Amino acid sequence: MSVKDVIPGYNAVVLPYHLVQTELSGLKNRWPAKKLRVIGVTGTNGKTTTCFMIWKMLNEAGLKTGLVTTVAWGVDEIHKQIEHMTTPKVSTLNKRIREIQKSGAEFLVLEVTSHALAQYRTLGIPIEIAVMTNVTHEHLDYHKTFERYVKAKTKLFKHAKFGVINLDDPSWKEFKNAISPDGDSRKYNTYSIESHADLEAVKISLSPEGVRYKARSEGNSTLEIRTRIPGKFNVYNSLAAVAVGRKLGLSSEQIEKGIYALEEVEGRMNRIDEGQDFDVIVDFAHTPDAFQKVYDSVYPHKGRIISLFGGAGRRDESTRAERGEIAGKYSDLCIITEDDSRDEDPAKIAKMFEDGCKKAGLKDDQIIIELDRETAIKRALEEARKGDLVLILGKGHEKTILRADGPHAFEDLEVTKRILQNLIKPQ
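Our subject in this report is the structure included herewith. This structure is a prediction, so every number in the text was calculated from the model and none was measured.

## A closer look at the overall build of the protein
Okay, step 1: Of regular secondary structure, the protein possesses 15 helices and 19 strands.
Okay, step 2: A burial count over the protein gives 57% of its 427 residues as buried.
Okay, step 3: Per element, the accessible surface of the protein, about 18700 Å² overall, is 48% carbon and sulfur.

## Quick notes on the pattern of salt bridges
Okay, step 1: Applying the stated criterion across every chain yields a total of 27 salt bridges.
Okay, step 2: Two residues, Arg373 and Asp412, come together in a salt bridge whose shortest N-O distance is 2.8 Å. Taken together, the residues Arg373 in helix H14 (residues 373-383) and Asp412 in helix H15 (residues 412-424) connect sequence positions 39 residues apart.
Okay, step 3: Overall, the relative accessible area of 1% leaves Asp412 in the buried class.
Okay, step 4: Via salt bridges that share partners, Arg37, Glu106 and Glu128 belong to a single interconnected network.

## As for the packing of aromatic side chains
Okay, step 1: On inspection of all chains with the given rule, the structure shows eight aromatic pairs.
Okay, step 2: Where Tyr295 meets Tyr330, the ring centres are 5.2 Å apart and the plane angle is 10°; that geometry is what we call stacked. Of this pair, Tyr295 sits in helix H11 (residues 288-298) while Tyr330 sits in helix H12 (residues 320-330), and the two are 35 residues apart along the sequence. Each member of the pair, Tyr295 together with Tyr330, is buried.
Okay, step 3: Connected via pairs of aromatic rings, a cluster forms that spans Phe291, Tyr295, Tyr299, Phe309, Tyr330 and Phe353.

## Section: the pairing of strand E15 (residues 333-336)
Okay, step 1: Covered by surrounding structure in E15 are Leu333 and Ile335 together with Cys334 and Ile336, the residues of both alternating faces.
Okay, step 2: As judged from the four bridges shared by strand E14 (residues 305-309) and E15, these two strands associate in the parallel manner. Its bridge partner lying in E15, Leu308 is registered against Ile335.
Okay, step 3: Considered for its hand, the β-α-β crossover made up of E14, H12 and E15 is right-handed.
Okay, step 4: The sheet contact formed by E15 and strand E16 (residues 367-369) spans three bridges and is parallel. By the bridge assignment, Cys334 is partnered in E16 with Ile367.
Okay, step 5: Tracing the backbone out of E15, into helix H13 (residues 346-359) and back to the parallel element E16 gives a crossover that is right-handed.

## Some words on a positive patch on the surface
Okay, step 1: A grouping of Arg148, Lys151, Lys155 and Lys158 is seen on the molecular surface, where their side chains present a positively charged patch.
Okay, step 2: As for its position among the elements, Lys158 is in helix H7 (residues 146-158).

## Remarks on the sheet that holds E14
Strand-to-strand pairing in sheets goes through backbone hydrogen bonds, with the strands running parallel or antiparallel.
Okay, step 1: If you walk across this open sheet you meet the six strands as E12-E13-E17-E14-E15-E16, and the pairing is mixed. Strand pairing shows two members of the sheet lacking a second neighbour, strand E12 (270-271) and E16, which therefore form its edges.
Okay, step 2: Set on the sheet, H14 makes contact with strand E13 (279-283), E14, E15, E16 and strand E17 (389-393); between it and E14 the angle comes to about 180°.

## A few points about the nonpolar core
Okay, step 1: In this structure, Ile39, Tyr213, Leu239, Val242, Tyr295, Phe309 and Leu391 are the most contacted members of the largest nonpolar core, which totals 67 residues.
Okay, step 2: Per-element accounting of this core gives the leading share, nine residues, to helix H9 (residues 233-247).
Okay, step 3: Filtering out sequence-adjacent residues up to four positions away, Leu239 remains in contact with Tyr191, Ser192, Ile193, Leu199, Glu200, Ala201, Tyr213 and Ala215.
Okay, step 4: Counting 33 residues, the second largest nonpolar core, distinct from the first, contains Trp73, Ile125, Met132 and Leu167.

The rules we used
Counting starts from 1 at the beginning of each chain's written sequence and moves along it residue by residue. Reporting in this predicted model follows two pLDDT cut-offs: at least 70 for local features of residues, and 80 or more for side-chain atom pairs to be given and counted; totals over whole chains, interfaces and linings ignore these cut-offs and use all residues. By convention in this description, side-chain values take in all heavy atoms of the structure and omit both hydrogens and water. By the criteria applied, helices consist of DSSP H or I runs no shorter than four residues and strands consist of E runs no shorter than two, each listed in order from the N terminus. Burial classes follow relative accessibility: with a 1.4 Å probe on protein chains only, a residue under 20% of its type's maximum area counts as buried, one over 50% as exposed, and anything between as partly exposed. For every accessible area listed, the method is Shrake-Rupley and the probe measures 1.4 Å; residues are considered covered only by the protein chains on display. Counted as salt bridges are all cases of a side-chain nitrogen of Lys or Arg within 4 Å of a carboxyl oxygen of Asp or Glu. Any two rings among Phe, Tyr and Trp, with Trp reduced to its six-membered ring, count as a pair given centres within 6.5 Å; such a pair is stacked if its planes are under 30 degrees apart, edge-to-face if over 60, and tilted if neither. By this definition, two strands are paired if DSSP reports at least two bridges between them. Consider the strands pointing away from the viewer: the crossover is right-handed when the path from the first strand over the helix to the second runs clockwise. The patch calculation keeps residues exceeding 30% relative accessible area without a salt bridge and links them within 9 Å when they carry like charges or within 5 Å when they are nonpolar (Val, Leu, Ile, Met, Phe, Trp, Tyr). A residue counts as positive if it is Lys or Arg and as negative if it is Asp or Glu; His and the chain ends are not included. Where a charge lies is defined by one atom per residue type: Lys uses NZ, Arg uses CZ, Asp uses CG and Glu uses CD. Contacts are residue-level and defined by heavy atoms, with any inter-residue pair within 4.5 Å sufficient. Comment: axis = line fitted to C-alpha atoms, over the contacting stretch for helices; angle = value between 0 and 180 degrees taken between N-to-C directions. Throughout, nonpolar core names a set of buried Ala, Val, Leu, Ile, Met, Phe, Trp, Tyr and Cys residues whose side chains join them through atoms within 4.5 Å.

Encoded structure:
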């Protein structure tokens, strides 16, 4: 148990420390973000993919653009991020932005979390365009209430010059009021699948290879949008990117080609094919909303769905049973394992997920608890038959797993590939 778990009001007590650290780091690095045009992306899910789509689109259009996300950072050469946080600690963040700025970049696409906003990590970073993907329950272990979580997210919009807002999200008005308290609609654009918005997706077609739709804007002008990443949620992610491209004056061709140019994002709906006769997908999904979006994208499946997942220790305990219930509703077999258990008992965490699976109607023989993640992945792949789908959820791109004794090297993508290769090699 960490010190913040035993000191009442710890997060509020240390805010002055965060503020001082930000000021010192900004001064030391000469506030590098002030020399860049910054696009900040916040939300619960979809931030990383949206950032990558914007980054790829701008670079394909000839606008040198840097990137700082959960997965990676850089400009032309992308460096994988090791830290278990979306927006790095402020000293690391400023160093990376300075490197991006010194490389000659004009734009920076920055993924921004509620933690970073609450802890002043983005202080001194001028936001030209703020993007909101969606807001669902997450990080309530830190923010305590959903209302405070939303309020933290809206801070990105309060000082931004322009906002891009998901009109289908129930919290959209909070973001509109943050960017435009005077009601000036020229300060923001909305995008939607279900409602009348400034930018709408119509004639949507979903396939395992990606999504295709028409992006219709005012005056009925349309763009033909295709992505190489599957899932209905990537209609929303790409719509947000389209809105940014339009605001920056990119042509229809530049937007269309730029979004299609992105082949994948590490740990986001990554299909692994080592020659096996069943499907395997690795995804970062670790919230109820993200779980639901994954299953909406793959269900129904011609074969069985085998789901592997766990839950992080000291994080969002209240949603564990809910996530288990969502997985149990769509899966024929659930394998519950460790995630970043930290100093919390992984067996206790697994029991909460198991309760959710049983609430969804799964029987004992449809639930396996295997607390060693590598062994659990091997079991999931061994259980799969021709035509089945194995979903490996929760860690995605991450390079370590956090246990009671600290971090251990572990990558779902690499472990899964290695096990598959061993399973299908000639005996």
